[in-house]
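Each chain, letter by letter, is given below.
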Amino acid sequence: MHTVWKGAISFGLVHVPVKMFSATEDKDISLRYIHKECGSPLSYVRKCPVCDKEVTWEEIGKGYEYEKGKFVLFDKEELDQLSEESSKSITILDFVDLTEIDPIYFQKTYYLSPDQAGANAYRLLMEAMRQTGKIGIAKISIRSKSSLAAIRVLADCLAIETIYYPDEVRPVSQVPGLPEPGTVNDKELDMAKLLISQLSQPFEPAKYTDDYRQRMLDLITHKIAGEEFHIAPARQENNVIDLMAALQASIEAVQHIPSDPGPSKAGSGAKPRTAAGAKKRTAKSKDTGTDAGTPAAPVADDATGPIPVIAPKPKRRTAKSKGTGA
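Described in the following lines is the structure provided in the data block. Note that the coordinates shown come from a computational prediction; the quantities given were computed from them, not determined experimentally. (Residues numbered from 1 in each chain as written. Predicted model: local features only at pLDDT ≥ 70, side-chain atom pairs only at ≥ 80, totals over all residues. Heavy atoms only, no water.)

Digging into the sheet that holds strand β2 (residues 14-22)
In step 1: Within the closed barrel, the seven strands sit side by side as β1-β2-β8-β11-β10-β9-β7. Their pairing is mixed. Averaged over all neighbouring strand pairs, the angle between strand axes comes to 40°, with direction disregarded.
In step 2: With eight bridges joining them, strand β1 (residues 3-11) and β2 adopt antiparallel strand pairing. Paired with I9 across the strands is V16, a residue of β2.
In step 3: Against the sheet, helix α2 (residues 119-132) touches β1, β2, β7 (89-96), β8 (106-114), β9 (135-142), β10 (145-154) and β11 (157-163), its axis set at about 70° to β11. (Pairing = 2+ DSSP bridges. Helix = DSSP H or I, 4+ residues; strand = E, 2+ residues; numbered from the N terminus. Axes fitted to C-alpha atoms, helices over the stretch in contact; angles between N-to-C directions. Contact = heavy atoms within 4.5 Å.)

What follows is the structure, given as C-alpha cells:
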C-alpha cells in the first residue's frame, strides 16, 4: 500500500507515531473522450483566455474569487504555512460511542499502522479503545484540507474515517417535497413490517456486487475480441397503485407464504395445510361412514387447528329415477 500520510496520534500527553493508508479504492471504469474522426484521445489544455496562450504548471497559482471576476491571490508558501502546524498530528478531542454518529457524516476510511518505535503505544491505544467500546473524535489535515475524523478499532488495526463538519451537512428542512406529518394505514404498516422482517438478515458484504461494472467489463472484453454483444433490456417496472397489493405480492415473492401468516401452534416444524391434505381427510370421513346428508365433524389439524369439512350436496333426482319411483 502507498503511504498517504505520516504523523502521530495524540491523546492527552501520549503520542503514537503512525502511517496512514487508504482503506478503499475506486474501481469505477474510467472512459476517455475520443475524437471520432481519427480515434485519438483528447487532451485538456490549460489556456489563459486573456493572454490567449497555453499556461505551464510553473505559471499557475491559486486564488479565491470574492466577487465576480475579482480574486485574492495566494503563493504556495502562504498556503503551506497555514497547514504546516496541523498536518503532522491527529489530535483526539473526545471519546464517544460509535452509535452516536449518524452515517451521513462519514467520508473516507484510512488504515493506520504504527511507525518507527510506536508499536507499544499503538497496541495500548487500540486495546484500551476495544475494551471501553469507545471511538476517538479527532482533527486531522490531509493534503491541506482540515477535517474531523473518527478513530476506531477494525479487527486488529486502527482505522480513521474522515467526517464532515456539522455546517457541511445540509439540514433536512431544505429538502423539497417531503410529506406532511400524518398517520399511516395500520394494515399496510403491519404488512410493511412483515416484509422488512422477511428481508432482514446479517450483513454479508461479499454477496453484493457492482452489476454495472461487470456488464461494462463484459462489453469491453467482447469489443476487444470483435464480437457482438447485446444487453438484455431491463425488466419493465409496473406502477402499482394499490399499496396493499404491492406489499402482499412482495411478501409472497420473498417467502411464498400464505396471505395471513401466523405463529404455528405446533412449532416451526409443523407442515403447512394443503388442498391435497384436505381432500384426503374428506375421503377418510367418507370411509368411516359419514352420512352424505349430514355435516361431517371437523377434522383436527395439528398445525392450524380444526378444519371444517363441508358435506357434499345430495344428488338431484333425474327424470328416470322419478319414473321408477326411486
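A look at α2
In step 1: For α2, built from 14 residues, the straight-helix expectation of 20 Å at 1.5 Å per residue is met to within 8% by its first-to-last C-alpha distance of 20 Å.
In step 2: When α2 is considered as a whole, its buried residues turn out to be Y122, L125, M126 and M129. The buried residues of α2 occupy one face: seen down the axis, they fall within an arc of 95°. For α2, the exposed residues lying more than 90 degrees away from the buried face are N120, L124, Q131 and T132.
In step 3: Of the residues one or two after α2, G133 is the one with positive phi, at around 70°. (Expected span 1.5 Å × (residues − 1). Buried < 20%, exposed > 50% of the residue type's maximum accessible area, 1.4 Å probe, protein only. Arc of directions from axis to C-beta.)

Looking at the pattern of salt bridges
In step 1: Summed over all chains, the structure comprises eight salt bridges.
In step 2: The closest approach of N and O atoms between K47 and D52, which form a salt bridge, is 3.1 Å.
In step 3: Given a relative accessible area of 52%, K47 falls into the exposed group.
In step 4: By relative accessible area, D52 is classed as exposed at 55%.
In step 5: A salt bridge links D97 to K134; the shortest N-O distance between them is 2.9 Å. Placement of the pair is D97 in the loop between β7 and β8 and K134 in the loop between α2 and β9, with a sequence separation of 37 residues.
In step 6: Residue classification places D97 among the partly exposed positions, given a relative accessible area of 26%.
In step 7: What emerges from the salt-bridge pattern is a single network uniting E127, R130 and D156. (Salt bridge = Lys/Arg side-chain N within 4 Å of Asp/Glu carboxyl O.)

Here we look at the packing of aromatic side chains
In step 1: Applying the stated criterion to the full structure yields two aromatic pairs.
In step 2: A ring pair is formed by F11 and F95, whose centres lie 6.4 Å apart and whose planes are at 90°; its orientation type is edge-to-face. Of this pair, F11 sits in strand β1 while F95 sits in strand β7, placing them 84 residues apart in sequence.
In step 3: In this structure, K108 is placed above the aromatic ring of Y110, and the distance from its NZ or CZ to the ring centre is 5.7 Å. (Phe/Tyr/Trp six-rings, centres within 6.5 Å; stacked < 30°, edge-to-face > 60°. Lys NZ or Arg CZ within 6 Å of the ring centre and 35° of its normal.)

Focus: the nonpolar core
In step 1: Formed by 21 residues in total, the largest nonpolar core has its most connected members in I9, I90, L112, I151, L158 and I160.
In step 2: In contact with I151, not counting residues within four places along its chain, are I9, I90, I92, M129, I135, G136, A138, L158, A159 and I160.
In step 3: The next biggest cluster of nonpolar side chains, apart from the first, holds five residues, and it includes V96, I101, I135 and I137. (Core = buried A, V, L, I, M, F, W, Y, C linked by side-chain atoms within 4.5 Å.)

Brief notes about a nonpolar patch on the surface
In step 1: Taken together, the side chains of Y64, Y66, V72 and F74 make up a nonpolar region of the molecular surface, amounting to roughly 410 Å² of accessible area.
In step 2: Checked against the element boundaries, F74 lands in strand β6 (residues 70-74).
In step 3: Exposure remark for F74: the relative accessible area of 33% places this residue in the partly exposed category. (Patch = residues over 30% accessible without salt bridge, like charges linked within 9 Å, V, L, I, M, F, W, Y side chains within 5 Å. Areas by Shrake-Rupley, 256 points an atom, 1.4 Å probe, with all protein chains shown as cover.)

Here's the deal with the layout of surface pockets
In step 1: Its volume calculated, the second largest pocket comes out at about 220 Å³.
In step 2: Along the walls of the second largest pocket sit W57, I60, G61, K62, F74, D75, K76, L79, D80 and S144, which together make up its complete lining.
In step 3: With three residues, the top contributor of residues to the lining of the second largest pocket is helix α1 (residues 76-84).
In step 4: Residue composition of the lining of the second largest pocket, grouped by class: four nonpolar, two polar and four charged. (1 Å grid on protein atoms, 1.4 Å probe; cavity = no way out; pocket = protein on both sides within 12 Å on 5 of 7 lines; lining within 4 Å. Points joined across faces, edges and corners; volume = space filled by probe spheres on them. Nonpolar A, V, L, I, M, F, W, Y, C, P; charged D, E, K, R; others polar.)

Quick look at the pairing of β11
In step 1: Within β11, seven of the seven residues are buried, leaving the element largely enclosed by the surrounding structure.
In step 2: Residues C157, A159, E161 and I163 point to one face of β11 and L158, I160 and T162 to the other, with burial holding for every one of them.
In step 3: As paired elements, β8 and β11 share five bridges and run antiparallel to each other. Bridging from a neighbouring strand, L112 pairs with L158 of β11.
In step 4: Linking β10 back to β11 in an antiparallel pair, the connection comprises two residues, with A155 at a positive phi of about 60°.

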